[in-house]
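Structural characterization, general
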Amino acid sequence: MRYALIQGGIVANVVEQESLPTIPGQWVACGNAGPGWLYDGAHFINPNPPVAPVIPAWSDLALNPEYHWIDTGPWRDRFGIDWLAITSSSNELCKAAAQLWIDRKYINLKDARNAQVLDAMIATSQPAANVLFDGSGPMTVDKKNAILNPVTTEYERHVKGMVQPS
Amino acid sequence: MNQGILNPYGGGPAPSATPIRVTQYTSGTGTFTPLPRTKWIRAFLLAGGSGGNSTGAAQACLGGFAASPVVFVFQKLEASYAYAVGAGGTGVSGGCGNDGGSTTLGTRTAYGPKAPVTNPTGGMQPGESSGYGGGGDTGANATGFGAGGGGTNGGNTTGGTGSGGLIIIEEY
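Read on for an overview of the structure. (Residues numbered from 1 in each chain as written. Chains lettered and ligands numbered in written order. Predicted model: local features only at pLDDT ≥ 70, side-chain atom pairs only at ≥ 80, totals over all residues. Heavy atoms only, no water.)

A word on the side chain of Asn98 of chain B
Heads up, the condition is: In this description a helix means any DSSP run of H or I spanning at least four residues, a strand means any run of E spanning at least two, and both kinds are numbered starting from the N terminus. Categorising residues by exposure relies on relative accessible area from a 1.4 Å probe, with only protein chains included: less than 20% of the type maximum marks a residue as buried, more than 50% marks it as exposed, and the intermediate range marks it as partly exposed. Polar contact criterion, stated in full: a pair of N or O atoms within 3.5 Å, where within protein one must be able to donate a hydrogen and the other to accept it, and residues adjacent in sequence count only if both atoms are side-chain atoms. We call two residues contacting when some pair of their heavy atoms lies within 4.5 Å.
Topologically, Asn98 of chain B is positioned in the loop between β6 (81–84) and β7 (103–105). With a relative accessible area of 3%, Asn98 of chain B lands in the buried category. Side-chain polar atoms of Asn98 of chain B contact the backbone oxygen of Asn32 of chain A, separated by 2.8 Å. If sequence neighbours within four positions are ignored, Asn98 of chain B has contacts with Asn32, Ala33, Gly34 and Trp37 of chain A together with Ser50, Gly51, Gly89, Thr90, Val92 and Ala115 of chain B.

So, in structure tokens, the structure goes:
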């Protein structure tokens, strides 16, 4: 059991032993309390109480921009089968898009160039459907919105260990 | 030339002297009573390690710090000395860990290390090893003596507890 030595209402020291310490001083069983805690005669009070974690919100305008950085693999996954149609296309726009997105450490979903390229694909009906990749076809507004959805997952994000916003 | 057990350069036992008794305390409090023929005491004091941090909001949580050993050499002037072996600081759920308990022998103190008060980025951190004990891995308790508990995060799990202190007393 942990025992605290109380001096002036403050935990001066903590020891661990089976019975109440016999050396002089006010010793009180203290549970998880540690040096520096306050003692009011009955309760131990943490002078630095745990702070409830702040859960960020996707709607927060000041949200850490790193939430919108995703690894290139998950970025490609967002295109589905269309990614294969883009990378196998001889179309100049598709080649430029692949050049823009391949071999980066991460993709910033908020980077305006991404929307610009996707809008160009919509306007030119690229990538063209490829018979090798069943279901592939031109970019659409719905596809673009899904690809640029700012809500990311821990798996997708380039920076790991961030609290998932609500 | 026989120089006895006294160190001619600074008092206390000579470096090569053999103690007449060695006593070790690994926890708790009590009273140490030297042998009647003891002249000098060399005491090794190690405080408890501090507890690891924990929070669900930070990207990483620092592990507890290790205690630093202190050696006191003094002449036996009292018939007995109260001792207290500092406990390791406990980890706290959703906050900073607790400081390590101090280890004392009479009026001599090896102070316990403070718990970390900030959390860095870059992953959860293990506790600091003391040389006499291993720091706890993520969220785990430290082992041995005087080492720090591991930091943790995610769901406000509790940081690891530091390991307790140690006293080794040599009598000359």
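Structural notes on the packing of helix α3 (residues 92–101) of chain A against helix α4 (residues 112–124) of chain A
Residues and elements named next belong to chain A. Where we set the bar: Helix axes use the C-alpha atoms of the stretch in contact, all axes being lines fitted to C-alpha atoms, and the angles between their N-to-C directions lie in the range 0 to 180 degrees. Roughly parallel refers to an angle under 35 degrees, roughly antiparallel to one over 145, roughly perpendicular to one between 65 and 115, and oblique to any angle outside these ranges. Here a crossing is taken to be left-handed if its near helix is turned anticlockwise relative to the far helix by less than a right angle, and right-handed if that turn runs clockwise. Classification convention: Asp, Glu, Lys, Arg as charged; Ala, Val, Leu, Ile, Met, Phe, Trp, Tyr, Cys, Pro as nonpolar; all other residues, Gly among them, as polar.
For the pair α3 and α4, the least separation of the axes is 11 Å and the interaxial angle reads 160 degrees. Our classification of the angle between α3 and α4 gives roughly antiparallel. The two elements α3 and α4 cross, and the hand of that crossing is left-handed. For the pair α3 and α4, contact is made by Leu93, Cys94, Ala97, Leu100 and Trp101 and by Arg113, Asn114, Val117, Leu118, Ala120, Met121 and Thr124, respectively. Looking at side-chain class alone, the contact of α3 with α4 contains 9 nonpolar, 2 polar and 1 charged residues.

Re α4 of chain A
Residue and element names in this part refer to chain A. The condition that has to hold: Multiplying one less than the number of residues by 1.5 Å gives the expected span of a helix. Within this analysis, the arc is defined by the directions that extend from the helix axis to the C-beta atoms.
Its 13 residues give α4 an end-to-end C-alpha distance of 19 Å, which sits within 8% of 18 Å, the value for a rise of 1.5 Å per residue. Residues of α4 that are buried include every one of Asn114, Val117, Leu118 and Met121, and no others. The buried residues of α4 occupy an angular sector of 95 degrees when the element is viewed end-on, so they sit on one face. Along α4, the residues that are exposed and aim more than 90 degrees away from the buried face are Ala112, Gln116 and Ala123.

Side note on unusual backbone geometry
Residue and element names in this part refer to chain A. Between Gln126 and the following residue, Pro127, the backbone shows a cis peptide bond with an omega angle of -5 degrees. If you check the backbone angles, Asp103 has positive phi at about 70 degrees while not being a glycine. Along the chain, Asp103 turns up in the loop between α3 and β7 (107–108). Taking relative accessible area as the criterion, Asp103 reaches 72% and is therefore assigned exposed. Even without a glycine there, the phi angle at Ser125 is positive, about 55 degrees. Within the fold, Ser125 resides in the loop between α4 and α5 (141–147).

By themselves, these are just geometric observations and shouldn't be taken as functional.
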